[in-house]
Amino acid sequence: KHIALKLFFKGAYPALPPVHYPVVDVRDLAELHIRAMTAKDAGGRRLIGAADTLSMSEMGQILRYAFPEYTKKIPIRTLPGFLVRLLAIFDRALKSVVPDIGVKPVADNTYVIEMTGMSFKPAEAAVRAAGQSLIDHSLV
């Protein structure tokens, strides 16, 4: 959802859809790929690469706290689901999140940690790192 975070910083939306997504630091995901290639029991298995699940509003709050100079642009309010569905008729980006309204996926990575010895960074840290990366690369 790096693209979503970029839109947060740009103030593209005044409020956020009521959706949740599993979050992982891209560096952890790269490490997991390497560990999966060498783990004895990983062959042919799907490995969940996620630290935790956050709502879009929680991501906005994390970014506001970490980057106070962007506070005015980063939304934290949540739109009602029915309004998102209505606006999605006119906004393609919102249309893509409609199936996720009201769903909170739980990323149980216990078996991945046991199989690979992987240790995931907290989701909050991943969001902050993604925000910092956007700033460092002048993408916001």
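Located above this text is the structure these notes cover.
This write-up is about the structure you can find in this document. (Residues numbered from 1 in each chain as written. Predicted model: local features only at pLDDT ≥ 70, side-chain atom pairs only at ≥ 80, totals over all residues. Heavy atoms only, no water.)

Helix length check: helix α7 (residues 123-136), at 14 residues, gives a terminal C-alpha distance of 20 Å against a target of 20 Å (1.5 Å per residue), a fit within 8%. The complete set of buried residues in α7 reads A123, A126, V127, A130, G131 and L134. Seen along its axis, α7 keeps its buried residues to an arc of 135°; they face one direction. (Helix = DSSP H or I, 4+ residues; strand = E, 2+ residues; numbered from the N terminus. Expected span 1.5 Å × (residues − 1). Buried < 20%, exposed > 50% of the residue type's maximum accessible area, 1.4 Å probe, protein only. Arc of directions from axis to C-beta.)

This brings us to the environment of A66. Within the element layout of this structure, A66 appears in helix α3 (residues 56-66). Judged by relative accessible area, A66 falls into the partly exposed class, the value being 28%. For the pair formed by A66 and I135, sequence separation is 69 residues and the distance between their alpha carbons is 12 Å.

Formed by 28 residues in total, the largest nonpolar core has its most connected members in L5, F8, M56, M59, L63 and V127. Every element with two or more residues in this core is listed here: α1 (2-10), β1 (20-23), α3 and α7. At 5 residues, α7 tops the list of elements feeding residues into this core. Setting aside residues no more than four positions away along its own chain, L63 makes contact with L5, F8, F9, I74, V127 and G131. (Core = buried A, V, L, I, M, F, W, Y, C linked by side-chain atoms within 4.5 Å. Contact = heavy atoms within 4.5 Å.)

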